[in-house]
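# Notes for the structure review
Below are the chains, spelled out letter by letter.
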Amino acid sequence: MRSPKCSTGESLHLLPRAVDRWTALGRFLKDLFNHYIISLCESIPDINDVSSFLSPQMTTLGDLFDIPSTDPFSIGVKQLASDYLPFGWREWQIKSPPALSDVKLDRSRLRFALPTIKLVKLYLPGTTHITDRQFKDMKTALFEVPFSQALITSPSGFSKALSTSEEDYAQFVEKVKPLLKFALSLTEVNRLLAAEEATSMQ
């Protein structure tokens, strides 16, 4: 049996429908392509926006300083830092400090680029002696402040881990070198406190 064939008239009658379908498909593909291009362009960072090229793990010492705090000790530490750190310290670029739970450090061995005797007087106002336990607790309190973490000079491994490069770490060490003489041991702190008390009693 021979299959029925469309006449020329019928073919011409169906042609507009086929054209309409192809036109609609073309419009759909065009819209889809335009949407893809727009989305792609929006995902490309603005070359004039420097922050868009920085890793989300990067920050500055100034940004950490500006984190609000109601703790008197933390506020005092920030004031101390602004008094002693060299010019331009707010722009120092570092990696964001890690979560405290991720850090395994002996807090008693920590040293900061801030005068220890000043820190002790902030932590224990009016004290004339600080015990080993109190000294460790003070360093633990300091370590819990992200801003203070960025000022750790020892252990050097932790300080290096926060630096964005070996060059940045070397510059950090050079900039805080004048402050290292003020990073005192427990014995040295108590010796100074005792001397100050003796002087005040004369």
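Because the structure is predicted, anything quoted here is derived from the model rather than measured.

Rules of the game
- Residues numbered from 1 in each chain as written.
- Predicted model: local features only at pLDDT ≥ 70, side-chain atom pairs only at ≥ 80, totals over all residues.
- Heavy atoms only, no water.
- Helix = DSSP H or I, 4+ residues; strand = E, 2+ residues; numbered from the N terminus.
- Buried < 20%, exposed > 50% of the residue type's maximum accessible area, 1.4 Å probe, protein only.
- Contact = heavy atoms within 4.5 Å.
- Expected span 1.5 Å × (residues − 1).
- Arc of directions from axis to C-beta.

### Here we look at the overall build of the protein
If you tally the helices and strands in the protein, you get nine helices and four strands. In sequence order, the protein lays out its α and β elements as α-β-α-α-β-β-α-α-α-β-α-α-α. The 202 residues of the protein split such that 29% are buried. If you take every contact in the protein between residues at least 6 apart in sequence, the share linking residues at least 24 apart comes to 77%.

### A few points about helix H9 (residues 186-201)
In this model, H9 (16 residues) spans 23 Å end to end at C-alpha, consistent with the 22 Å of a helix rising 1.5 Å per residue. Among all positions in H9, only Leu-186, Val-189, Asn-190 and Leu-193 are buried. When H9 is viewed along its axis, its buried side chains cluster within an angular range of 95° and face the same direction. Among the exposed residues of H9, those pointing more than 90 degrees away from its buried face are Thr-187, Arg-191 and Thr-199. Its buried side turned inward, H9 meets helix H4 (116-123) and helix H5 (132-143).

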